[in-house]
Amino acid sequence: MSSSCVSHHHQAVRPRRGGRFPDPGRRPAASASFAPPAPRRRRAVPAAMSAEASPGVEPAEAAPGAAGQQAVLGEMAEEAAVWCAVNGLVVGDRADPRSGTVPGVGLVHAPISLLPARFPASFWKQACELASIFNELVDRVSLDGEFLQSALSRTKQVDEFTARLLEIHEKMTALNKKEDIRLGLHRSDYMLDSETNSLLQIELNTISSSFPGLGSLVSELHRTLLNQYGKVLGLDSKRIPRNWAATQFAEALGRAWTEYNNDSAVVLMVVQPEERNMYDQYWLVNHLKESYGVKSIRKTLAQVEAEGQVLADGTLVIDGRVVAVVYFRAGYAPTDYPSEAEWRARLLMEQSSAIKCPSISYHLVGTKKIQQELAKPNVLERFLDNKEDISKLRRSFAGLWSLDNEEIVKSAIEKPDLFVLKPQREGGGNNIYGHDLRDTLIKLQKEQESLAAYILMQRIFPKTSLTPLVRGGDWFEDLTISELGIYGAYLRNKDKVILNNHCGYLMRTKVSSSNEGGVAAGFAVLDSIYLTDEVITTHCLTYS
Ligand code: ADP
Ligand code: MG
C-alpha cells in the first residue's frame, strides 16, 4: 500500500560512522524523512551475527579487512545518496510540512539498503511464475459476485469498512453492471520461510500497489554501485535482475487507455490529500506521458466528488475532462473516507464506464478474508482449470484460518509467536502479534461476533542478516529480514487477454525487531535482490 503507519517500537543501531554524514544526534527532527519516532540506541550485535557477511557480500579475492569494508560501505553510502538525488529515487521529507502536498519541495533520498539482498534464483523463478496465475485468479474470482458476497457476509456484520465496499458491489450487481475492460496492477508479497524452506505468500495487493516507480530505481542504483564496488566486495552486478516495474505499469495503464479509445481522455490518479510518496506515483505519470502521450490528472476522493459527474452514457467527467482510466493510489483504508463525500466519489467512479484499477470486485478479491477463503480445500478449483497452476498457487499459501476454527484459536493462544492475527485492513500497522495476539483472542472469544473481523495466519520466519541501510544521509547496520513483492499486470477486453505479465519486483527490507516495518513508517527500506545459486536458505537466527 502507498503509505503505512506503524506504531511498534524498535531499537535501531546508530550510524556506524559519522565522518561524512551529519551528526546522527541532530538527525531525526532536522533531516530525517520517514524516520522512526523511537529513540535510536546502539544495540550490540550478537557475535554469531556480526560474523555473518552483509547480504550479498561474498569473500573477494582481495577482500578488504573489516575496517576496510566499513570504509568502502561509507563511501558507497555517500555515492548512493547522490545517485538517489540525481535520479529521482526520492520521497517527501517528513521534516518539511509542505513535502506531502507541493511537488518539488522538501525532498530527501528514499530509505534504501546499500547492498541487494541475497535471494535464491530458484525461489525468484517460482515467485515470477506465480504472477500471471494470480492475475488470472483475481480476474476469475472477481466475476463471481456471489462468492465474494457470501465469503465476506460475516465480516460485513462486524467490519464497517468492508460493509461499505460490499454495499457498492451490491449496487453494481443490482444494476447488472459489467466491466468489459478490466485492468489489474497487483503486487504479490512473499517471504522465504526458513523453518519450512519455502516461499510463502504474505498477501496479494489488488489496490494501490506501491513502489513500482521507486522500486525499479533501487535495482538500478545497486547495479551502478556494484559496477563500481563489486570487485572489491566480490559481487557481480549481473546477478541483480532487471526491474521494469515502472515502465511496465505505465504500459498497462497506457494500453488500457488505448482500449478505452478516446484520444482526448485522461488517466485519473486518485490520491491521498497528503502523499510523501508522490514521486513513486509521478514516475508512472512521467512514463505514461513520454511513452504513450497520455495525460494524467491527480485528484483526491473529495475533489472527485466535488468536480466529477457521470454522463447519461456512463462517461466519467472530472473537472471537464473525460476519464479513460481511474488508477487508485488511495481508497484502500477507512481513513481515506473521512466523510460521506469520499464514499459518494467511489460510487460515482464505479458507476461510470471508465476503466477502474481496481474495480470494486478486484478490490474485494484482494482482502485478507478472501485470501483465507481461497486457501481452503477445493476453492481454487472453482476458479481455475489448470491443475499445475493450482498446485503452484497452493504451494505458496501459508496456513490461513478463520477464527471459527476453535482448535487453531486454542493453539494460537498457547503459542502466539507462531501466528499473526490480521484484521480486514490494508496499509500496514494493523496486524497483531505475540502477547497482544493472545490477549486479543481471549477478548474476542468472549464477544463472539467480532471474531469474523479477523483471520489468523501462520507466522513466517525469514532468515535474518546484518545489512547496511541508508536513511536521511546516514548509514548504519542492523539485523534485517526481507519481503519480496512481485508486480503483475493484467488487462483484458471481453474475451481478449491483452496483458498478463509479471512486471518487476520490490524488495523491502526491515529491521527484524519490527513486526511490520512500513517503509513510510521508518522501519523498512527499499531494496533489490542478488540472485544466488543456493537451493536452500542456509540457517535461521531466530528472533523474538
Ligand atoms: P498490509 O495490508 O497491512 O500490508 P500485510 O499482510 O502485508 O498487511 O502485513 C503487513 C506486514 O506484516 C508485512 O509486510 C510483513 O512484514 C508482516 N507480516 C504479515 N503477515 C506475516 C506473516 N504471516 N508472518 C510474518 N510476518 C508477517
Ligand atoms: Mg502488505
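Residues numbered from 1 in each chain as written. Chains lettered and ligands numbered in written order. Predicted model: local features only at pLDDT ≥ 70, side-chain atom pairs only at ≥ 80, totals over all residues. Heavy atoms only, no water.

The protein chain carries the name Glutathione synthetase in an unreviewed UniProt entry, which gives Digitaria exilis as its organism. Per its UniProt entry, the protein chain bears the Pathway (unreviewed entry) comment "Sulfur metabolism; glutathione biosynthesis; glutathione from L-cysteine and L-glutamate: step 2/2." UniProt lists a comment for the protein chain under the heading Subcellular location (unreviewed entry), and it reads "Plastid, Chloroplast". (UniProt positions renumbered as here; feature names shortened; annotations may be inferred.)

*Asks:* Can you lay out the overall build of the protein chain for me, pointing to particular residues and giving the numbers?
*Replies:* The helix and strand inventory of the protein chain stands at 18 helices and 20 strands. Out of the 544 residues belonging to the protein chain, those deemed buried represent 61%. Sequence separation of 24 or more characterises 77% of the internal contacts of the protein chain that already satisfy a separation of 6 or more. Roughly 21,500 Å² of accessible area belongs to the protein chain as shown, and the carbon and sulfur atoms make up 50% of that amount. (Helix = DSSP H or I, 4+ residues; strand = E, 2+ residues; numbered from the N terminus. Buried < 20%, exposed > 50% of the residue type's maximum accessible area, 1.4 Å probe, protein only. Contact = heavy atoms within 4.5 Å. Areas by Shrake-Rupley, 256 points an atom, 1.4 Å probe, with all protein chains shown as cover.)

*Asks:* Can you tell me about the packing of aromatic side chains, naming the residues and giving the values?
*Replies:* All told, the structure shown has 9 aromatic pairs when counted by the stated rule. Their ring planes at 55° and their centres at 5.9 Å tell us that Phe161 and Tyr337 sit as a pair that is tilted. Of this pair, Phe161 sits in helix H7 (residues 160-174) while Tyr337 sits in the loop between strand S11 (321-328) and helix H12 (340-351), and the two are 176 residues apart along the sequence. Each member of the pair, Phe161 together with Tyr337, is buried. Among the aromatic residues, ring-to-ring pairing joins Phe161, Tyr337 and Trp343 into one connected group. (Phe/Tyr/Trp six-rings, centres within 6.5 Å; stacked < 30°, edge-to-face > 60°.)

*Asks:* If you had to explain helix H8 (residues 212-233) to someone new, which residues and values would you point to?
*Replies:* For the α-helix, the turn length of 3.6 residues means that residues three or four positions removed from each other point alike. A maximum bend of about 55° is found in H8 at Asn227. By the criterion of burial, H8 is predominantly enclosed, with 16 of the 22 residues buried. (Bend = angle between axes of the 7 residues up to and from the residue.)

*Asks:* Explain the environment of Leu403 to me, and be specific about the residues and the numbers.
*Replies:* Secondary-structure assignment places Leu403 in the loop between strand S13 (400-402) and helix H17 (406-414). Given a relative accessible area of 4%, Leu403 falls into the buried group. Expressed as a C-alpha distance, the spacing of Leu403 and Ala453, which sit 50 residues apart in the sequence, is 8.9 Å. If near-sequence neighbours (up to four positions away) are discounted, Leu403 is found in contact with Val409, Leu421, Leu441, Leu444, Leu451, Tyr454, Ile455 and Leu456.

*Asks:* Mind laying out the UniProt feature "binding site: Mg(2+)" (unreviewed entry) in the protein chain, listing which residues take part and the relevant values?
*Replies:* Mapped onto this numbering, the UniProt entry annotates "binding site: Mg(2+)" (unreviewed entry) at Glu203, Asn205 and Glu426. Across 224 residues in sequence, these annotated residues keep their C-alpha atoms within 9.9 Å of one another, forming a single compact spot. Leave out the neighbours within four places in its chain, and Glu203 touches Arg187, Ser188, Asp189, Lys368, Gln371 and Glu426. Tracing the chain through its elements places Asn205 in strand S6 (residues 198-205).

*Asks:* Residues and numbers for helix H4 (residues 121-142), please.
*Replies:* Between the first and last C-alpha of H4 there are 32 Å, a value that for 22 residues agrees with the 32 Å anticipated at 1.5 Å per step. Approximately 30° is the largest bend angle found in H4, and it occurs at Ala131. (Expected span 1.5 Å × (residues − 1).)

*Asks:* Give a detailed account of the nonpolar core, specifying residues and quantitative values.
*Replies:* Counting residues in each nonpolar core, the largest one holds 132 residues, and the members touching the most others are Leu89, Leu183 and Leu526. Per-element tally for this core: the top contributor is H4, with 11 residues. Grouped together as the second largest cluster of nonpolar side chains are 15 residues, Ile408, Ala412, Ile432 and Tyr454 included. (Core = buried A, V, L, I, M, F, W, Y, C linked by side-chain atoms within 4.5 Å.)

*Asks:* So, the pairing of strand S14 (residues 419-423): which residues are in play, and what are the values?
*Replies:* Taking burial as the measure, the 5 residues of S14 include 5 buried ones, the bulk of the element. Side chains of S14 alternate between two faces, with Phe419, Leu421 and Pro423 and Val420 and Lys422 buried alike. Sheet analysis places S14 next to strand S15 (residues 454-458), joined by 5 bridges and oriented antiparallel. Each bridged residue has a counterpart across the sheet, and for Lys422 the counterpart in S15 is Ile455. (Pairing = 2+ DSSP bridges.)

*Asks:* If you had to explain the pattern of salt bridges to someone new, which residues and values would you point to?
*Replies:* In the structure shown here, the tally under the stated rule is 33 salt bridges. For Glu340, the salt bridge goes to Arg164, with nearest N and O atoms at 2.9 Å. Separated by 176 residues along the polypeptide, Glu340 in helix H12 and Arg164 in helix H7 bring together distant segments of the chain. The buried category is assigned to Arg164, whose relative accessible area is 16%. Among the ionic pairs, Arg242 bridges to Glu220, the shortest N-O distance being 3.1 Å. Separated by 22 residues along the polypeptide, Arg242 in the loop between H8 and helix H9 (245-260) and Glu220 in helix H8 bring together distant segments of the chain. By relative accessible area, Arg242 is classed as partly exposed at 45%. Judged by its relative accessible area of 25%, Glu220 is partly exposed. (Salt bridge = Lys/Arg side-chain N within 4 Å of Asp/Glu carboxyl O.)

*Asks:* Help me get a handle on the site of ligand 1, residues and values and all.
*Replies:* The local shell around ligand 1 holds 20 residues, among which Lys368, Lys422, Gly428, Ile460 and Glu483 are the closest. Between an oxygen atom of ligand 1 and a side-chain N or O atom of Glu483, the distance comes to 2.5 Å. Bound to the protein, ligand 1 loses 95% of the 540 Å² it would expose on its own. Looking at the shell around ligand 1, the elements that each hand over two or more residues are S6, S14 and S15. When the residues that make up the shell around ligand 1 are grouped by side-chain class, the tally is 6 nonpolar, 5 polar and 9 charged. In this structure, the shell around ligand 1 is formed jointly by two domains, domain 1 (75-398 + 460-532) and domain 2 (399-459), each of which donates at least three residues. (Near = heavy atom within 4 Å. Polar contact = N/O pair within 3.5 Å; in protein donor to acceptor, adjacent residues only side chain to side chain. Nonpolar A, V, L, I, M, F, W, Y, C, P; charged D, E, K, R; others polar. Domains from an automatic or database assignment.)

*Asks:* So what about the confidence of the model for the protein chain? Which residues, and what values?
*Replies:* Here the protein chain shows a mean pLDDT of 88. Residues at 70 or above account for 86%. Below pLDDT 50 for its whole length, residues 1-61 participates in 180 contacts with residues either more than four positions away or in separate chains. In the predicted structure, residues 537-544 sits below a pLDDT of 50 and forms 21 contacts with residues beyond four places in sequence or in another chain. (pLDDT = per-residue confidence, 0-100.)

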